[in-house]
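Here's the letter readout for the chains.
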There are 2 protein chains.
Amino acid sequence: MTGREECQTADRDDALRALRDRFRLPPDVIYLDGNSLGPLVETVPDRMTSAVEREWGEGLIRSWNTAGWIDLAEGVAARIEALIGAPQTTVAVGDSTSVNLFKVVEAAIGLRPDRRFVVTDRGNFPTDLYVLSGVCQRAGLVLEVVEPTDVIEAICDDTAVVSLTEVDYRTGRRHDMRRVTEAAHSAGALAVWDLAHSAGAFPVDVAENAVDFAVGCGYKYLNGGPGAPGFLYVAPGLADGWSNPIRGWFGHARPFAFELEFEPAEGVIRGQIGTPPILSMVALHESLSVFDGVDLVAVRAKSLALTDLFIELVGEYLPDFTIVTPREHERRGSQVSLRHPEGYSIVQALIARGVIGDFRAPDILRFGFAPLYVGFEDTFRAVEQLREVMSGEEWRDPRFAAVARVT
Amino acid sequence: MTGREECQTADRDDALRALRDRFRLPPDVIYLDGNSLGPLVETVPDRMTSAVEREWGEGLIRSWNTAGWIDLAEGVAARIEALIGAPQTTVAVGDSTSVNLFKVVEAAIGLRPDRRFVVTDRGNFPTDLYVLSGVCQRAGLVLEVVEPTDVIEAICDDTAVVSLTEVDYRTGRRHDMRRVTEAAHSAGALAVWDLAHSAGAFPVDVAENAVDFAVGCGYKYLNGGPGAPGFLYVAPGLADGWSNPIRGWFGHARPFAFELEFEPAEGVIRGQIGTPPILSMVALHESLSVFDGVDLVAVRAKSLALTDLFIELVGEYLPDFTIVTPREHERRGSQVSLRHPEGYSIVQALIARGVIGDFRAPDILRFGFAPLYVGFEDTFRAVEQLREVMSGEEWRDPRFAAVARVT
């Protein structure tokens, strides 16, 4: 399937195709950056207007009860639990992914007090590495940052925690969560997974894989909006034994009793800290409704078909690009990354043509394939546009030259 | 001034009166709970719609640059700096107040490594006490929780940090920030202030008072919306020496270089951690525009006049209530608290009449007087309604009986 008509047929036959209409995507855009910021779900604007004007504006303080703000984070958590194979009441939502990682890694090393090492890899997202280095420095532990292929070998009887992101944000390479977690457990260590590029992209099963702690991001494949709250997962077996290093009133057993002494709430709820950002939480809650009734096995099948197609087309027509993402399905997330020395300018030229991917220094072009709204013809057209950018050397245009920038 | 006509005259003469129209308050409500959740600023709904539909929906990932999301937190910080007497680039915005307190208290004790005590008081907000007890337990320090009047006496040469909330959330009692900070410094300790009930309510001058660290809340007198991001302040003299215990990419010197090693950003920016909740940040940013050109000295004068009036009227007409808030102006925040054994039901009956205050166990009725939108006749009418609730024993109605609840 590498022709336009075949792609159109595949779109027509796509059982997930109707989901695309749940998103408000600009008509002139092919959006391949949902791994960085998911697009707007069509019902979110009305829901936000209602939250702002009716709940906040008219309900005022009463809306904590009457509009259910007080239970909103738990409602979001329930929707995320369904996406990551987590039992009920094992997920808490709030704070950023970085803060959540801090909480669970501090908790995890606290559960392995006599061990000296934390293992991670160089493919981890930098903020994860920063959190880990800070935690290790404070606790007097050694952080081992190894190559992704060397993680299992690096685990030893003195390893307290293995903390990894399942899918590499640059390369799209996916770890074998089960195998690494088993290796950690065999050595008596705990496994902490960052699901930032996993949750909502394909089936995740934290319970089946015996994951100890996990965190994840609300604004990528969960489409919760810019800076949407993150989440954390605590395995049921650790629910009563873990401690959140940051004690806050939303993690108290009785927050509104305003007691002077801290008593942690049961289970994962002690992972909450302060008042959650309700407006951002409302957007995330509404966005997650898109997943109601969606079969993540089908999502994964489509993701693999889309990324296979993209890899095939790039291999056929764009020999100057190195395909960085693994060809093996089980080692691939839901993105394809290419390497090219002029990657920055090429991505800018593509964006100017309405094909939105992104760039990661020094030379990586990233393309995310979120199966809920990306189709086969989109993928075909994206490669077509990339070919045009390359054949006319359009990327050499000075307006696409590298400047200080942010994505 | 205790008659209705006098109050109406005072409203007409009020130089701040026009600000009331900047808020969208329900017509049938007298809102005396802005110390818990500030009301909706009239321009916020349009700003939010634009952020959701145009910036997120159409701009997608590009809006980090094109809509200025990347600089948004610093724009909010600049507005808060102006309200709390902070020099430029000494405030960072993001995370909850609790998380911000964790950061700065951890940093402060790190700067006084050989000292054993942290001093706070029983009037501190419970989440502050929880944060402090957690930090102390982790660091092997002793947390001394004394009566508010005993704080200065409790400070000794072995005190690392004094951490207080300036205005007591229950009683409205205000600390002498300058005197306590001086006492802390005289003993070689650092002073950390929580400005949750101060910022936006009256002039605060962290620089003039030589405060070391401060935190504050975005959703009370700053009107930023439910769960709005909090802020932190770091004194210029500590800017290069302080460490955020939670290292995140938004606190890195070059977040978008995606370097493996952490290098803290300059000054207060290292207080940032993860991606900020943009939708909540947009609401806070827009809400703060109300303060442009507002003289906080005039705000304070009006606040004292309103709370004086309320105290006088309650004293005159409602002898069954104990006035908990200090009569002395310099010891008062911007709220008045009353004590009554049936406080819970009385507050519910008042709310049913459209006068929104709140209740704090076991017997405190709280009334916040935010001078930007509360007037003199409002105050008169609130007492009038309270008198009617009491004279008819309306509060005995079973629908106002205490049940499990939250505000």
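Look a little higher up for the structure.
Residues numbered from 1 in each chain as written. Chains lettered and ligands numbered in written order. Predicted model: local features only at pLDDT ≥ 70, side-chain atom pairs only at ≥ 80, totals over all residues. Heavy atoms only, no water.

1. Overview of the relation of the copies chain A and chain B
Reasoning step 1: Superposition of chain A onto chain B requires a rotation of 180° combined with a translation of 0.0 Å along the rotation axis, giving an RMSD of 0.0 Å. As the rotation angle and translation indicate, the two copies are arranged about a two-fold axis. For chain A, the residue whose C-alpha comes nearest the rotation axis is Ser280(A), separated from it by 2.8 Å.
Reasoning step 2: Of the interface residues in chain A, 100% have counterparts in chain B that sit at the interface too, so the contact is made through matching surfaces. (Least-squares fit on C-alpha atoms with pLDDT ≥ 70 in both. Contact = heavy atoms within 4.5 Å.)

2. Some thoughts on the sheet that holds strand E12 (residues 358-360) of chain A
All names here are of chain A.
Reasoning step 1: Pairing is antiparallel across the open sheet formed by four strands, whose spatial order is E9-E10-E13-E12. Of all strands in the sheet, those bounded by a partner on one side alone are strand E9 (322-323) and E12.
Reasoning step 2: Note: strand E10 (residues 335-339) against strand E13 (residues 364-368), five bridges, orientation antiparallel. Looking at E13, one finds that Val336 is bridged to Phe367.
Reasoning step 3: Of the strands in this sheet, E9, E10 and E13 are in contact with helix H10 (residues 296-317), which crosses E10 at around 20°. (Pairing = 2+ DSSP bridges. Helix = DSSP H or I, 4+ residues; strand = E, 2+ residues; numbered from the N terminus. Axes fitted to C-alpha atoms, helices over the stretch in contact; angles between N-to-C directions.)

3. Some remarks on unusual backbone geometry
Reasoning step 1: Of note, the amide linkage connecting Ala361(A) to Pro362(A) takes the cis form, showing an omega dihedral of 0°.
Reasoning step 2: In this structure, Pro362(A) sits in the loop between E12 and E13.
Reasoning step 3: Phi angles above zero are rare outside glycine, and Phe258(A) is one such case at about 50°.
Reasoning step 4: The residue Phe258(A) is located in the loop between strand E8 (231-234) and helix H9 (278-288) in this model.
Reasoning step 5: Given the relative accessible area of 11%, Phe258(A) is considered buried.
Reasoning step 6: One non-glycine residue, Asp95(B), adopts positive backbone phi at about 65°.
Reasoning step 7: Take Asp95(B): it is sitting in the loop between strand E2 (91-93) and helix H5 (97-110).
Reasoning step 8: The exposure class of Asp95(B) is buried, given its relative accessible area of 16%. (Buried < 20%, exposed > 50% of the residue type's maximum accessible area, 1.4 Å probe, protein only.)

So, to be careful, I would describe these as geometric facts and stop short of saying anything about function.
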